[in-house]
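Overview (structure and organization)
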Amino acid sequence: MNTLITGRVWVVGDSVTTDAMYPAFAMKLPVPEAARHVFYELRPGWTGQVRPGDLVVAGRNFGLGSSRPVAALFRELGVAALVAEEFNSLFLRNCVNHGLPALTVPGVTAAFTDGDTARLDFAEGWVENTATGTRLRGSALPPLVLDILAAGGILPKLAREGYVPVPQR
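Conventions and cut-offs
- Residues numbered from 1 in each chain as written.
- Predicted model: local features only at pLDDT ≥ 70, side-chain atom pairs only at ≥ 80, totals over all residues.
- Heavy atoms only, no water.
- Buried < 20%, exposed > 50% of the residue type's maximum accessible area, 1.4 Å probe, protein only.
- Helix = DSSP H or I, 4+ residues; strand = E, 2+ residues; numbered from the N terminus.
- Arc of directions from axis to C-beta.
- Contact = heavy atoms within 4.5 Å.
- Salt bridge = Lys/Arg side-chain N within 4 Å of Asp/Glu carboxyl O.
- Pairing = 2+ DSSP bridges.

Some thoughts on helix α6 (residues 143-151)
Of all the positions in α6, only Val 145, Leu 146, Ile 148 and Leu 149 are classed as buried. Buried residues of α6, viewed axially, fall in a sector of 160 degrees; they line one side. Exposed and oriented more than 90 degrees from the buried face of α6 are Pro 143 and Leu 144. The secondary structure elements touched by the buried residues of α6 are α4 (89-97) and α7 (154-160). Phi turns positive, to about 95 degrees, at Gly 152, one or two residues after α6.

Below is the structure:
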């Protein structure tokens, strides 16, 4: 698995809740349709601008709240990874479970603005603004998490290892 990612950045602030990412009305919709409503109130129109390979950079306590499965929506939109100063622990686990890289890097929001290009390596634990050359160190993802991400999430990993039936699509 390639752990080096380069993508366009979208920056959001501190304490963004899962409710703000995945509005209640969208929870009854199929995932592809629900994904069109990510950041519905926080950043109206964002899902029409985001492209596969883009990255979301966030502040502290990203993913606070009701633990809605937002990682599946980010993956549906093609978001390649999340980088935050701090993740809510339940949200972070949701990202791992869905195979979405989520890297913790203190001070990351000060290094980026919307539209910047970032390079990151989640196995080594760093992110870099390609325009300014600013590189910040964070927490590298541990081998078990890298294995889960390589499999595409926890269910595909467990299926691959024979613990659960292979998911039908």
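Let's talk about the side chain of His 37
Turning to its location among the elements, His 37 is positioned in the loop between α2 (31-34) and β2 (55-58). Among all residues touching His 37, those that are not within four sequence positions of it are Met 21, Pro 23, Phe 25, Ala 26, Leu 29 and Thr 47.

Quick look at unusual backbone geometry
Both trends apply: most residues other than glycine have a negative phi, and most peptide bonds are in trans. Positioned with a positive phi, Phe 39 is a non-glycine residue whose angle comes to about 60 degrees. Checked against the element boundaries, Phe 39 lands in the loop between α2 and β2. Residues other than glycine seldom take positive phi values, yet Asn 61 does so here, at roughly 55 degrees. Tracing the backbone shows Asn 61 in the loop between β2 and α3 (70-77). Exposure remark for Asn 61: the relative accessible area of 22% places this residue in the partly exposed category.

Topic: the pattern of salt bridges
Evaluated as defined, the whole model comprises 10 salt bridges. One salt bridge connects Arg 119 with Glu 128, and the closest N-O pair in it is separated by 3.4 Å. Since its relative accessible area comes to 16%, Glu 128 is described here as buried. The partner of Arg 160 in a salt bridge is Asp 147, with the nearest N and O atoms 3.3 Å apart. Of this pair, Arg 160 sits in helix α7 while Asp 147 sits in helix α6, placing them 13 residues apart in sequence. We classify Arg 160 as partly exposed; its relative accessible area is 47%. Linked by salt bridges that have partners in common, Asp 147, Lys 157, Arg 160 and Glu 161 make up one network.

Description of the pairing of strand β5 (residues 117-121)
Pairing analysis gives 5 bridges linking strand β1 (residues 4-11) to β5, with the strands arranged antiparallel. Bridging across to β5, Leu 4 finds its partner in Asp 121. Of the pairings in the sheet, the one linking β5 to strand β6 (residues 126-129) comprises 4 bridges and is antiparallel in character. Directly across from Arg 119, in β6, lies its bridge partner Glu 128. Linking β5 to β6, which pair antiparallel, is a turn of 4 residues; within it Gly 125 sits at a positive phi near 85 degrees.

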